[in-house]
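Observations on chain architecture
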Amino acid sequence: MAPSGKHNNIKEAKMLSYETMKKVLFKLEPETAHNFVGGILKYAQYTPLLLYPFIKKNFIANKMLTQEIFGVTFYNPVGLAAGFDKDGDLIKSMLALGFGYTEVGTVAPKPQNGNEKPRLFRLVEEKSLQNAMGFNNRGSYYLQQNMKKRYPFVIPIGINLGKNKATPEIEALSDYEKLFQTFKDLGDYLVVNISSPNTPRLRDLQNEEFIKALFAKAKEITSKPVLLKIAPDMQIQDAIDLCKVAVDAKADGIIATNTTIDYSLSKEARKRGGISGALLKQKSYEMLCAIAKELSGKTVLISAGGIDSGEEAYKRIKAGANLVQVYSALVYEGPLLVRKINERLIELLKEDGYTHISQAIGADLKEQ
Ligand SMILES: Cc1cc2nc3c(=O)[nH]c(=O)nc-3n(C[C@H](O)[C@H](O)[C@H](O)COP(=O)(O)O)c2cc1C
């Protein structure tokens with residue numbers, strides 16, 4: 001059925017409102033805009049009367065989309081990717097944006113300022129971002145206190161862990177060990193981040209020996225699910241091998257992918273930091289497909305990288321993702337994005353004759 005004129009007008013008005021807001025936000029330096037929006041989201045949490053109508057409108061808890069994963073309920077499969085809420089200050093607001101789960105961090109054991117500014121850039125024409133933030137965060141104690149206040153929460157919360165920049169590579173394991181200790185009873189899953197391009201030599205830890213030691217340590221300390229987040233820049237076969245090593249070492253899932261350092265993707269790209277958003281879409285999709293071929297059904301797969309619509313989220317689900325995450329598209333598409341993705345997912349599932357998301361997960365693999 002074609003949408004009515006009135007329906008169209010309302011839709012356009014809503015779109016216009018974010019388009020207008022975006023014009024103002026995009027006049028600001030990107031990190032300033034991020035902090036401004038973060039400030040609004042943080043303080044909105046203290047005003048339940050303000051938050052509640054947004055939760056009611058944006059949070060979709062449809063039984064077609066509801067899954068039990070890691071022993072908890074994900075009412076919808078769209079999560080906030082790490083890096084937006086590094087210190088866990090915005091957890092309640094993520095519910096108001098409609099997210100089915102949220103991932104806080106990356107948190108390091110000690111507070112650190114991150115890299116020098118400017119360190120966040122927009123590639124507007126390409127609906128992409130480039131960041132060289134370098135794990136600016138308030139440290140594990142601060143996040144632990146926030147988590148103690150919030151956890152358990154209505155939606156699952158993941159905690160993304162990373163080493164401090166000042167910690168030498170040879171002592172990296174001890175940083176992760178401290179973090180496993182700090183968060184062993186908090187959050188619904190933990191993520192080991194050794195794939196950010198912004199901490200020197202962090203990605204070198206993406207090797208078999210370190211991954212085995214890391215998951216052995218994790219399993220000694222915590223019974224929480226622990227996932228590995230990987231970079232999109234490895235050779236595909238190397239990535240598959242590494243993910244298999246992680247799963248053999250009892251990793252509970254893989255997040256594919258972090259940002260890319262393939263600067264050939266854009267003429268506008270700077271030679272530092274990682275690119276996310278539309279420019280990352282194809283790379284991250286290909287990585288997911290390759291990993292899913294080997295590991296779909298054996299572990300939980302979370303797809304991140306350029307997801308900006310229900311269609312794209314559905315494509316990742318059919319390729320084998322159990323859950324998806326978004327970050328950059330929020331900046332370009334605005335606060336209605338998550339709801340739109342979930343609404344469209346329900347339509348797409350119905351169009352394909354599915355009654356539940358689990359029937360669509362990995363459907364493309366079965367066809368091959
Ligand atoms: C400004 C910014 C900061 C980020 N910080 C982190 C981080 O601290 N830890 C992490 O694992 N990923 C971080 N990411 C990567 C995202 O979590 C995600 O993997 C990536 O951006 C791809 O998703 P997208 O294309 O939807 O943005 C960051 C991304 C951006 C744009």
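Structural data are supplied above this passage.
As a starting point, this report considers the structure included with it. Bear in mind that the values here come from a model prediction, so they are computed numbers and not experimental data.

Check the secondary structure of the protein chain and you find 14 helices and 13 strands. A compact globule built from 368 residues would reach a C-alpha radius of gyration of about 21 Å, and the protein chain, at 19 Å, matches this within 12%. For the protein chain, the spread of C-alpha atoms along the three principal axes comes to 65 × 45 × 45 Å. Here the protein chain holds 368 residues, and 57% of them are scored as buried. Residue pairs in contact within the protein chain that sit at least 24 positions apart in sequence constitute 73% of those at least 6 positions apart. Charge-centre separation for the protein chain: the mean point of 50 positive side chains lies 6 Å from the mean point of 41 negative side chains.

Another aspect to go through is the pattern of salt bridges. Counted by the stated rule, this structure contains 21 salt bridges. Across the salt bridge formed by Asp-175 and Lys-178, the nearest N and O atoms sit 3.8 Å from each other. You can see Asp-175 and its partner Lys-178 sitting in helix H6 (residues 172–182), three residues apart, about one turn around the helix. Looking at Lys-178, the relative accessible area reads 45%, which means it is partly exposed. Between Arg-344 and Glu-311 there is a salt bridge, with its nearest N and O atoms 2.6 Å apart. Of this pair, Arg-344 sits in helix H12 (residues 337–351) while Glu-311 sits in helix H10 (residues 310–319), and the two are 33 residues apart along the sequence. For Glu-311, a relative accessible area of 40% gives the class partly exposed. Because the salt bridges share partners, they merge into one network encompassing Arg-203, Asp-233, Asp-262 and Lys-283.

Bringing the sheet that holds strand E11 (residues 274–277) into the picture now. Strand order in the open sheet made by the three strands is E5-E6-E11, with antiparallel pairing throughout. Two strands close off the open sheet at either side, each with one partner strand: strand E5 (120–123) and E11. Neighbouring strand axes in the sheet, compared pairwise and without regard to direction, differ in orientation by 25 degrees on average. Inspection of the sheet shows E5 paired to strand E6 (residues 128–131) by four bridges, in the antiparallel sense. For Leu-120, the partnering residue across the bridge sits in E6 and is Asn-131.

About the criteria used
Residues numbered from 1 in each chain as written. Predicted model: local features only at pLDDT ≥ 70, side-chain atom pairs only at ≥ 80, totals over all residues. Heavy atoms only, no water. Helix = DSSP H or I, 4+ residues; strand = E, 2+ residues; numbered from the N terminus. Rg over C-alpha atoms; globule rule 2.2 N^0.38 Å. Buried < 20%, exposed > 50% of the residue type's maximum accessible area, 1.4 Å probe, protein only. Contact = heavy atoms within 4.5 Å. Lys, Arg positive; Asp, Glu negative; His and termini not counted. Charge placed at Lys NZ, Arg CZ, Asp CG, Glu CD. Salt bridge = Lys/Arg side-chain N within 4 Å of Asp/Glu carboxyl O. Pairing = 2+ DSSP bridges. Axes fitted to C-alpha atoms, helices over the stretch in contact; angles between N-to-C directions.

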